[in-house]
Amino acid sequence: EDQVTQSPEALRLQEGESSSLNCSYTVSGLRGLFWYRQDPGKGPEFLFTLYSAGEEKEKERLKATLTKKESFLHITAPKPEDSATYLCAVQVNTGTASKLTFGTGTRLQVTL
Amino acid sequence: NAGVTQTPKFQVLKTGQSMTLQCAQDMNHNSMYWYRQDPGMGLRLIYYSASEGTTDKGEVPNGYNVSRLNKREFSLRLESAAPSQTSVYFCASSSSDRGPYEQYFGPGTRLTVT
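Residues numbered from 1 in each chain as written. Chains lettered and ligands numbered in written order. Predicted model: local features only at pLDDT ≥ 70, side-chain atom pairs only at ≥ 80, totals over all residues. Heavy atoms only, no water.

(A) The arrangement of the nonpolar core in detail. Formed by 22 residues in total, the largest nonpolar core has its most connected members in A:Leu33, A:Trp35, A:Leu73 and A:Tyr86. For this core, the secondary structure elements donating two or more residues are strand E2 (10-14), strand E3 (19-26), strand E4 (30-38), strand E5 (45-50), strand E7 (62-66), strand E8 (70-75), strand E9 (84-94) and strand E11 (106-111) of chain A. Core analysis: the next-biggest nonpolar cluster, separate from the first, contains 20 residues, B:Met32, B:Phe74, B:Ala81 and B:Val113 among them. (Core = buried A, V, L, I, M, F, W, Y, C linked by side-chain atoms within 4.5 Å. Buried < 20%, exposed > 50% of the residue type's maximum accessible area, 1.4 Å probe, protein only. Helix = DSSP H or I, 4+ residues; strand = E, 2+ residues; numbered from the N terminus.)

Here it is in structure tokens:
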């Protein structure tokens, strides 16, 4: 059974304090790994897609990396506006369709 | 571009009532999806439509039906609502289901069944 586990469940950082969020996965036939940001009361917002081990993607203060078993979302010098829940999802091929399996997310709070 | 839109934003139903959640996308995407999000459970796929004219069950389809009305619109129907269907429902779309293509999400419908 495909599994995606995110840690920690919640993280509180001070502004400027860098850290990493973890997404570990157990799947067969990984096609891609996705990171999303979700603000309270809103839908998930797409951030990155990673396709293969060793790949890295960056956007402003965020950098996503991928290994064969896990992905990290590194947040450098975060600001209060980075506060959100960050979701990880994997896409695998099952027969004729690709489906997303989501983790339960990491709730990030950045304070002044 | 509005992206993915959903109506209504909020709904309260009594047990046994029925309703249809509407979703539309203006990105010319082929594939559309319905998810529910519950605390501690993550997003779970209810139904999806790989392309216009096709629909298929996801992880948690019981109690729901869907209609792919055309390429733009994909509706989710609750025939006889139950308290266990209290959740936040999200519609999403992607250019194809063959992947890996990112999915774009709507703002959600918050449903309470009493």
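(B) Layout of the pattern of salt bridges. Evaluated as defined, the whole model comprises 7 salt bridges over all chains. In this structure, A:Lys57 and A:Glu55 form a salt bridge, with 3.6 Å as the shortest nitrogen-oxygen distance. Look at A:Glu55 and you get buried, because its relative accessible area is 18%. Here B:Arg44 ties to B:Asp38 by a salt bridge, and the two come within 2.9 Å at their closest N and O atoms. (Salt bridge = Lys/Arg side-chain N within 4 Å of Asp/Glu carboxyl O.)

(C) Representation of the sheet that holds E8(A) within the structure. Residues and elements named next belong to chain A. Judged by pairing direction, the sheet is antiparallel, and its 5 strands sit side by side in the order E1-E3-E8-E7-E6 without closing on themselves. For this open sheet the edge positions go to strand E1 (3-7) and strand E6 (56-59), each flanked by a neighbour on one side alone. Here the strands of the sheet are splayed against their neighbours by 15° on average, with no regard to which way each runs. (Pairing = 2+ DSSP bridges. Axes fitted to C-alpha atoms, helices over the stretch in contact; angles between N-to-C directions.)

(D) Local environment of the packing of aromatic side chains. By the definition in use, this model includes 10 aromatic pairs over all chains. Ring centres of A:Tyr36 and B:Phe105 lie 5.5 Å apart, and the angle between their planes is 90°; on these two criteria the pair is classed as edge-to-face. Of this pair, A:Tyr36 sits in strand E4 while B:Phe105 sits in strand E10 (residues 104-105), each in a different chain. With respect to burial, A:Tyr36 and B:Phe105 carry one shared label: buried. A network of ring pairs unites the aromatic residues A:Tyr36, A:Phe46, A:Phe102, B:Tyr33, B:Tyr35, B:Tyr48, B:Tyr104 and B:Phe105 as a single cluster. (Phe/Tyr/Trp six-rings, centres within 6.5 Å; stacked < 30°, edge-to-face > 60°.)

(E) Up close: the state of the cysteines. All names here are of chain A. According to the stated counting rule, one finds 2 disulfides over all chains in the structure shown. What pairs with cysteine 23 in a disulfide is cysteine 88, and their sulfur atoms sit 1.9 Å apart. One disulfide, between cysteine 23 and cysteine 88, carries an S-S torsion of -55° and so falls in the left-handed class. One end of the pair, cysteine 23, is in strand E3; the other, cysteine 88, is in strand E9, and 65 residues separate them in sequence. Since its relative accessible area comes to 0%, cysteine 23 is described here as buried. (Disulfide = S-S within 2.5 Å.)

(F) Representation of the sheet that holds strand E1 (residues 4-7) of chain B within the structure. Residues and elements named next belong to chain B. The sheet built from 4 strands is open, its strands ordered E1-E3-E8-E7 with antiparallel pairing. Lying at the two open borders of the sheet, with one neighbouring strand each, are E1 and strand E7 (64-68). Geometrically, the sheet is characterised by an average inter-axis angle of 20° between neighbouring strands, direction not taken into account. Bridge count for strand E3 (residues 19-25) against strand E8 (residues 74-78) is 3 bridges, and the pairing is antiparallel. The partner of methionine 19 across the bridge, within E8, is leucine 78.

(G) Seen up close, unusual backbone geometry. Here the amide bond leading from A:Ser7 into A:Pro8 is cis, since omega sits at -10°, within 30 degrees of zero. Residue placement: A:Pro8 occurs in the loop between E1 and E2. With an omega of -5°, the peptide bond between B:Thr7 and B:Pro8 qualifies as cis. For A:Ala77, which is not a glycine, the phi torsion comes out positive at approximately 45°. With respect to the secondary-structure elements, A:Ala77 resides in the loop between E8 and E9. Notably, B:Asn28 is not glycine yet its phi reads approximately 60°, a positive angle.

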